[in-house]
Structures are given as C-alpha cells and as structure tokens.
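# Structure at a glance
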Amino acid sequence: MIVRQFITWVRTAPAGERAEATRCLARAWLVSDLSEDDRAAAEGALLMLLDDASPLVRQAMAEVFAHAVDAPPAIIAALAVDQASVAMPILEHSPLLLDADLVDMVATGNSETQCAIARRSDLPASVCAAIAEVGCAAATLELIENPIAELVPFSLTRIADRHGHLAAIRESLLMLNDLPAAIRLMLAEKLSNTLTQFVAGRAWLNPDRALRVAVEAMERATVNIAAQTRGEEMTALIRHLRSVGQLNTGLILRALLSGNTDLFEESLVELSGLPRSRVAAIVHDRGGISLKALLAKAGLPESTHSAFRAALEASHEIGFVGSVGGATRLRRRMVERVLTHCETAETVAEPLLILLRRFATESAREEARLYCDELAADDFIDTLNAHVAFEQIDYEDAYQDDTGADDYVATDEYAQADEYAEVDDYAEATGYVERGYRENDYGYDDRLIAA
C-alpha cells in the first residue's frame with residue numbers, strides 16, 4: 001500500500017525530493033523487514049525509477065546499492081552502464097559485477113568509468129590486463145597506484161609500451177619495488193626518445209648527433225640497470241635486449257670495460273647458445289685459448305676479438321674490486337690499455353678505434369667528475385668540522401665567563417659576610433664598653449674596662 005502511494009507521488013514530485021525518496025526506498029529494501037509482496041512492489045518501483053529523467057534519482061540509488069551484496073542484480077547491471085556520474089559508485093565498489101562485465105566496460109567505457117574500475121579493491125589480473133591494453137592514461141595511472149591490483153609483468157610491459165613517454169606514469173612505475181629490469185630499460189628508452197625528439201625539434205643538436213648521444217646514454221643506462229640485476233631477471237633482460245636489437249658489440253664491450261662481467265657472460269650465453277658454466281670457464285681462463293672460438297660462435301666481429309682479449313687480460317691483472325662507480329662506469333685504466341693495444345694491432349678496424357676513443361674520453365670525464373665531487377665533499381666536511389670546532393670554542397669561552405661571574409659573586413658575598421662580622425664585633429665591643437662604664441658605677445676598676 002505504501003509503495004503504491006509512493007509510485008503515485010513520485011510521478012509529480014520535484015527531482016530533489018524524488019532522489020531523497022528513492023534513497024529511502026532503496027535503504028528500506030536493503031534493511032527493512034518487508035513482506036514478500038512489499039519487497040516485490042519496492043523492487044518494481046526501483047526498476048521503474050531507472051527510467052527517471054533526472055540523474056539525481058539514479059545516482060541516489062547507485063550510492064545506496066554500491067556496497068550491497070544483496071542488491072537487486074538487474075538494478076546493478078542497469079546502473080553500471082548508465083552515465084558516468086551514476087555508474088561510477090557501482091563500477092568502483094559493487095561486489096556483484098563479474099570480471100567479464102568489467103572487462104567489457106573497460107573496452108566500451110570512457111575515461112571516468114575506466115578510472116572507477118581501476119580503483120576497485122578486488123581487481124583481478126584479467127581486468128588489469130584490459131586496462132593496460134585499452135585504458136586511457138588516467139585509468140592506467142590509477143591502476144598503477146592501486147596497491148591491491150594484480151599487475152602481472154605482461155600488463156606492466158604493455159603499460160610501459162603504451163604510456164611510457166608520460167612522466168607521471170614513468171615515475172609511478174619506477175616506484176614499484178618489483179619492477180622487472182626489462183621494463184626499467186623500456187622506460188629509459190622512452191625517456192631517451194622523448195628527449196631526442198625534443199632536442200632535435202628545437203634544433204639544439206643535429207638529429208644525427210642527438211641520436212648518437214641518445215644511443216650512448218641508453219648503453220650507459222643498460223649497464224647501470226644490469227649491474228643491479230641478478231638471476232632469472234638478468235636472463236630476461238638479455239633476451240629483451242636481443243629482441244629489440246640492442247645486444248650489440250658496443251654494449252658487450254662497454255659491459256666488460258665497466259667491470260660488469262655478469263652482463264658480459266650472460267650476453268655470450270644468449271648469443272652463443274652454450275651452457276653458462278662453459279662460458280664462465282672460458283671467460284675466466286687466463287690463457288684465453290678458447291676465447292676466440294667463443295666470440296666467433298656468439299657472432300661478434302673478428303676485428304673486435306683482440307679488444308675483448310686485451311680487456312679480459314686487463315681485468316685479470318687490475319681486477320674489479322674498488323672500481324669507480326662499481327660495475328656501472330667505464331674504467332679508465334682498462335679502456336686506455338685496450339685502446340693502446342688496438343692502436344698497435346694490425347687487424348683492428350677503424351670503427352672499433354673510434355668507439356674505444358669515445359670510451360676513453362667518457363671514462364676520463366667520469367673520473368674527473370668523480371674526483372671533483374670528492375674534493376667538494378672533502379671541502380664541505382672540512383668546513384663543517386671547522387664550524388663545529390668554532391662553536392665548541394665559543395661554548396667553552398661562555399662557560400669560563402659564567403664560572404668567573406660565579407667567583408665574583410662569591411667574593412662579594414664573602415666581603416659582605418666580613419662586613420657583617422665586623423659590624424657584629426663592633427656592636428659587641430660597643431656594648432661591652434657601655435656595660436663596663438655602667439658597671440664601673442658599682443666599683444669595677446677602670447683599667448679592667450679599658451683592657
């Protein structure tokens with residue numbers, strides 16, 4: 001009976017009152033002890049209100065049913081495909097939506113609905129993959145910042161490939177603790193390409209020069225990332241480098257001259273197909289008898305074999321302990337030694353010499369930069385120590401001044417005490433004389449009084 005009156009009233013009521021009445025009816029349907037007839041009538045009224053002209057009415061219904069487990073499934077399905085302001089609470093919170101429904105809504109929805117789905121607390125891997133594949137940049141950012149989202153490496157790779165050129169998404173991905181090394185390298189490449197296009201577009205550098213600078217920067221970044229990578233992740237990184245054509249002679253030689261033997265050995269394992277133990281035995285063999293065959297099987301040019309041999313001999317003699325910057329920067333002594341060896345050899349190609357000269361210049365600049373940084377750090381520490389010592393001297397002087405003031409105060413007190421003592425003695429003496437004169441009246445000797 002009440003529901004029938006509600007249906008009659010709601011046809012002519014203002015939109016705001018209809019929305020509030022709809023909110024009350026939806027709450028009554030969830031928490032009130034309605035009879036079967038009243039429940040059926042209430043559900044019919046709510047279904048009718050889905051066609052209300054005002055979105056306020058449908059939005060009020062969505063806010064009530066968003067978290068409800070026992071909400072009417074038909075109403076939830078209708079609200080989920082409504083306009084964004086109505087559908088967002090349902091898409092973000094409703095436990096009644098299936099994974100297949102969410103995947104379909106990601107594909108057909110706009111930016112607001114995709115962002116709402118990306119914020120769900122129970123987001124499975126399938127929905128994450130859908131957002132990574134077709135989601136907008138804003139939804140992708142919401143997905144990355146969702147700590148409960150089940151993001152698998154495939155989805156992270158797809159996100160980096162589609163939106164890695166955007167700074168906000170790059171920063172959010174790099175904040176992930178378990179981000180694979182291959183994806184970090186992809187993000188570095190995206191940044192490198194963006195900066196290259198910007199510099200070339202501004203005509204600050206020639207396009208060829210900008211491209212060469214970007215390639216060298218990518219090689220340095222690759223060695224840096226590989227220095228922090230171990231195990232299966234290193235293998236995945238090497239395979240990624242090979243798939244994108246970056247596992248070349250220059251990178252492998254840079255890795256060896258930087259002291260990153262892991263990257264050097266894994267590269268030879270990937271390119272030659274030999275077992276890792278066999279490659280490690282050849283690399284660490286000081287005689288280097290099988291090194292030439294290993295490099296040839298890996299497909300490295302024969303003109304570079306002497307450079308690799310000289311680099312390995314230098315590494316065995318110099319060692320990698322205490323190298324500048326760990327296994328991330330070129331070692332100047334090794335580079336200069338290999339360059340000297342190649343300049344006197346007869347079978348070394350000119351491109352290799354050009355590459356080694358660039359390595360020599362880069363290593364010299366890196367060493368000079370680190371030396372200047374150390375000098376600046378030492379100067380800062382000396383200045384800090386001097387400042388601390390100066391403050392200590394000031395503190396000691398102030399302490400001594402305080403001690404002198406206390407002594408002075410004590411001396412004054414002592415003088416005052418003596419004065420008081422003298423006054424008391426004087427008073428007693430005066431009193432004694434007075435008493436003596438008075439007692440003389442009774443016959444005492446004046447000499448006794450004078451004494």
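Refer to the structure printed above.
The model shown is predicted, which means the values in this text are computed figures rather than measured ones. Along each chain, the written sequence defines residue order, and numbers are assigned to residues from 1. Selection of residues for local features in this predicted model requires a pLDDT of at least 70, selection of side-chain atom pairs for listing and counting requires 80 or more, and totals for whole chains, interfaces and linings are taken over all residues. Hydrogens and water molecules were not included; the side-chain quantities draw on all heavy atoms of the structure.

### Looking at the overall build of the protein
Comment: elements are numbered from the N terminus, with helices defined as DSSP H or I runs of at least four residues and strands as E runs of at least two. When helices and strands are counted, the protein shows 23 helices and zero strands. Across the 451 residues that make up the protein, the buried fraction comes to 37%. Only heavy atoms matter for contacts: two residues are in contact if any of them lie within 4.5 Å across the pair. Residue pairs in contact within the protein that sit at least 24 positions apart in sequence constitute 60% of those at least 6 positions apart. Of the accessible surface of the protein, which amounts to about 25700 Å², a share of 55% is contributed by carbon and sulfur atoms. Only protein chains enter the area calculation, which uses a 1.4 Å probe; residues under 20% of their type maximum are buried, those over 50% are exposed, and those in between are partly exposed. Throughout, the Shrake-Rupley method with a 1.4 Å probe supplies accessible areas, and for residues the shown protein chains are the sole cover considered.

### A word on the environment of A100
By the secondary structure assignment, A100 is in helix α7 (residues 99–108). Since its relative accessible area comes to 55%, A100 is described here as exposed. Separated by 27 residues in sequence, A100 and V127 have C-alpha atoms that sit 8.1 Å apart.

### Here's the deal with the pattern of salt bridges
Within this document, salt bridges are pairs made up of a side-chain nitrogen of Lys or Arg and a carboxyl oxygen of Asp or Glu, the two lying within 4 Å of each other. Tallying each qualifying case throughout the model produces 23 salt bridges. A salt bridge links E63 to R23; its shortest N-O distance comes to 2.9 Å. Separated by 40 residues along the polypeptide, E63 in helix α4 (residues 55–65) and R23 in helix α2 (residues 15–31) bring together distant segments of the chain. Take E63: its relative accessible area is 39%, and that puts it in the partly exposed class. When salt bridges with common partners are traced through the structure, they connect E219, R220, R254 and E362 into a single cluster.

### What to know about the environment of F65
With respect to the helices, strands and loops of the structure, F65 is situated in helix α4. In this structure F65 comes out as buried when scored by relative accessible area, which is 0%. Apart from the residues lying within four places of it in its own chain, the contact partners of F65 are A26, W29, L30, L46, A71, P72, I75, I76 and I90.

### Section: unusual backbone geometry
A positive phi angle, close to 60 degrees, is found at A203, a residue other than glycine. Note on placement: A203 falls in the loop between α13 (181–201) and α14 (207–226).

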